[in-house]
Amino acid sequence: MRVFDDGGTKRAAGESGNMAHRLVTIYNAMNDHFGDLSWWPGETAFDVAVGAILTQNTNWKNVERAIANLRKENLLHPDALYKTDPGRVAELIRPAGFFNVKTRRLRAFLEFLQCNYEGNMEAMSGEETGALRKRLLSVNGVGEETADSILLYGFQKPVFVVDAYTRRIFTHHGFIDERWTYHDVQRLFMDNLPQDSALYNQYHALIVETAKRFCRTQPLCMGCPLKQ
């Protein structure tokens, strides 16, 4: 998905403005380099929600191991996981780190899902985006990045996800500074890009891939699609 045509003058949503142009130029540079990344790697909306909680303060490889453990035990379903003893859940998600804390957070989310939507993720997805985001943020252990990951990747709602990689790249390139809040950074993208969940999905995936490969704590600028 390209947002600008090859001439760089026509935006998909017909918007104008220098900031929008700069954001799309960065997107296209990364997109041309990596192509379609098809992120997030979850089979269902519930998979995404579990992964979003487990990935807090760890890397995705560790989360994959924890999710594989849950899948092997046929527990990647709201009712099954809800009925499982928390001690057993903690052992299964141990590879994700902070497993006791994350077990409590999973439990809080499962209770929220049961109490408000009878354990039905599809019922949750039908709620208006702003209202659902507010309700998710009321769940113990669900912060803005986790809530937005569920909304975007689980329910394909047009909400831009901000993470440490986003801050690293866009601080480095002078778009933001360290004082900006999560909301400030999110509005930078959502106010200047088309309201499109597929675009937000791919943009965030490109940010993650670029940061992991090139924009590290010790940058590897050679070959980076954003090299200036």
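Here, every reference points to the structure presented above.
Residues numbered from 1 in each chain as written. Predicted model: local features only at pLDDT ≥ 70, side-chain atom pairs only at ≥ 80, totals over all residues. Heavy atoms only, no water.

## Brief notes about the nonpolar core
The biggest cluster of nonpolar side chains holds 72 residues, and the ones touching the most others in it are Phe109, Met124, Leu136, Phe170, Phe189 and Tyr203. Ignoring anything within four residues of it in the chain, the contact list for phenylalanine 189 reads Leu23, Phe160, Thr166, Phe170, Tyr200, Tyr203 and Ile207. (Core = buried A, V, L, I, M, F, W, Y, C linked by side-chain atoms within 4.5 Å. Buried < 20%, exposed > 50% of the residue type's maximum accessible area, 1.4 Å probe, protein only. Contact = heavy atoms within 4.5 Å.)

## Focus on the packing of helix 6 (residues 99–117) against helix 8 (residues 129–137)
With their axes 11 Å apart at the nearest point, helix 6 and helix 8 run at an angle of 135° to one another. When the axes of helix 6 and helix 8 are compared, the pair comes out oblique. For the pair helix 6 and helix 8, the contacting residues are Phe109, Phe112, Asn116 and Tyr117 in the first and Leu132, Arg135 and Leu136 in the second. By residue class, the composition of the contact of helix 6 with helix 8 is five nonpolar, one polar and one charged. (Axes fitted to C-alpha atoms, helices over the stretch in contact; angles between N-to-C directions. Helix = DSSP H or I, 4+ residues; strand = E, 2+ residues; numbered from the N terminus. Parallel < 35°, antiparallel > 145°, perpendicular 65-115°, else oblique. Nonpolar A, V, L, I, M, F, W, Y, C, P; charged D, E, K, R; others polar.)

## Observations regarding the packing of helix 10 (residues 164–172) against helix 12 (residues 197–213)
Contact pair helix 10 / helix 12: the axes reach a minimum separation of 9 Å and the direction vectors enclose 75°. The angle between helix 10 and helix 12 falls in the class roughly perpendicular. Contacts between helix 10 and helix 12 involve Tyr165, Thr166, Arg168, Ile169 and Phe170 on the former and, on the latter, Tyr203, His204, Ile207, Val208, Thr210, Ala211 and Lys212. Residues belonging to the contact of helix 10 with helix 12 are distributed by class as follows: seven nonpolar, three polar and two charged.

## Focus: the environment of glutamate 111
The topology assignment puts glutamate 111 in helix 6. For the pair glutamate 111 and tyrosine 82, spaced 29 residues apart in the sequence, the C-alpha separation amounts to 7.6 Å.

## So, the packing of aromatic side chains
Within the structure shown, the criterion is met by 14 aromatic pairs. Here phenylalanine 112 and tyrosine 117 contribute two aromatic rings whose centre-to-centre distance is 5.7 Å and whose plane-to-plane angle is 70°, an arrangement assigned as edge-to-face. Residue tyrosine 117 is classed as buried on the basis of its relative accessible area, which comes to 8%. Aromatic pair phenylalanine 160 and tyrosine 200: ring centres 5.5 Å apart, planes at 75°, arrangement edge-to-face. (Phe/Tyr/Trp six-rings, centres within 6.5 Å; stacked < 30°, edge-to-face > 60°.)

From the geometry alone we can't say anything about function, so treat these as descriptive.
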